[in-house]
Amino acid sequence: MIKDKAATRVILVDDHPVIRQGLSGLLQDEGFQIVGIASNISETVELLAKTPPTDVAVVDLSLENESGFDVLALIRKETPKVTTVVYSVHEDIVNVRRALKLGAMGYVTKREDPEVLVDCINKAHAGERYLSPRAAHFLADALAGNGEKAPDEVLSPQEMQVYTLMGKGIATPDIADSMGISARTVETYYSRILFKLGLPGRRDLLQHAIEYARLSSES
């Protein structure tokens, strides 16, 4: 049974002001109570400590110079009673699986209709795990062996080496030195990898590489 939306207290964690404003208005119109808005990890910590008891945290994975995965881990450790829902532009299986491993009860991609997020919050708060149609599609395809190819299946050996070093947190000059190439050539590899993996930007590539490295070490 879905809980009463009027009783559902929500915090939003997203670094884009326009998105925060739009989500806040949408969810309030749907009867949710927005008890706080944060743009990074430290603000999230303050919110969880100072606001009224929070039921659901809606978390973006790409924060300014930080990762939403760290927010998920923080909430899981410090306030486990708070249900987490991911609302992200990322649609790849690496991010979906990582979020679920960190306790997210819901995952909605930003290409879905707004009503999908509303449905997700309701069901997640009621204790039901929920994946939006696009996220569920990627997960189902991966389980069936028909999903997106892993980076080592689409990247050249040199591109994979750059991607792997990125995942270890190695900076561009050091990647260039270790491979015996120029920093400009490394930058060219970044562009090729972005295109092949279908990622929107460098920050997304770095986060993707780090999460892929984590998943690889856990498997």
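Residues numbered from 1 in each chain as written. Predicted model: local features only at pLDDT ≥ 70, side-chain atom pairs only at ≥ 80, totals over all residues. Heavy atoms only, no water.

Turning next to the nonpolar core. Ranked by internal contacts, the top residues of the largest apolar core, which has 26 residues, are I11, V13, V71, L72, V86, A99 and Y107. Within the residue set of this core, elements represented by two or more residues are β1 (9–13), β2 (33–38), α2 (41–50), β3 (56–59), α3 (68–78) and α4 (93–101). When residues in this core are grouped by element, the largest group, five residues, is from α3. Ignoring anything within four residues of it in the chain, the contact list for L72 reads V59, L61, T84, V86, A99 and L102. Membership of the second largest hydrophobic core comes to 21 residues, among which are L155, Y163, Y189 and Y190. (Core = buried A, V, L, I, M, F, W, Y, C linked by side-chain atoms within 4.5 Å. Buried < 20%, exposed > 50% of the residue type's maximum accessible area, 1.4 Å probe, protein only. Helix = DSSP H or I, 4+ residues; strand = E, 2+ residues; numbered from the N terminus. Contact = heavy atoms within 4.5 Å.)

If pLDDT is low for a region, its predicted coordinates should not be looked at in detail. When pLDDT is averaged across the protein, the result is 86; 90% of the residues are at 70 or more. Looking over the protein, one finds the lowest element-wise mean pLDDT in helix α6 (residues 133–143), namely 73, and the highest in β3, namely 96. (pLDDT = per-residue confidence, 0-100.)

This structure, assessed with the given rule, holds seven salt bridges. Notably, a salt bridge pairs R203 with D15, separated by 3.5 Å at the nearest N-O pair. In this pair, R203 sits in helix α11 (residues 202–218) while D15 sits in the loop between β1 and α1 (17–29), placing the two residues 188 residues apart along the sequence. Given the relative accessible area of 14%, D15 is considered buried. A salt bridge links D119 to K123; its shortest N-O distance comes to 3.5 Å. Note that D119 and K123 are positioned in helix α5 (residues 114–125) at a spacing of four residues, about one turn of the helix. Judged by its relative accessible area of 28%, D119 falls in the partly exposed class. Overlapping salt bridges, with partners in common, bring together D14, D60 and K110 in one network. (Salt bridge = Lys/Arg side-chain N within 4 Å of Asp/Glu carboxyl O.)

Attention shifts here to the sheet that holds strand β8 (residues 130–131). If you walk across this open sheet you meet the six strands as β2-β1-β3-β6-β7-β8, and the pairing is parallel. Each edge of the open sheet is held by one strand with a lone partner, namely β2 and β8. Here four bridges tie strand β6 (residues 83–88) to strand β7 (residues 106–109), and the two strands are oriented parallel to one another. Bridge pairing links V86 to Y107 in β7. In the packing of α1 onto the sheet, contacts are made with β1, β2 and β6, and the angle to β2 comes to roughly 170 degrees. With respect to the sheet, α4 is in contact with β6, β7 and β8, its orientation differing from that of β7 by roughly 155 degrees. (Pairing = 2+ DSSP bridges. Axes fitted to C-alpha atoms, helices over the stretch in contact; angles between N-to-C directions.)

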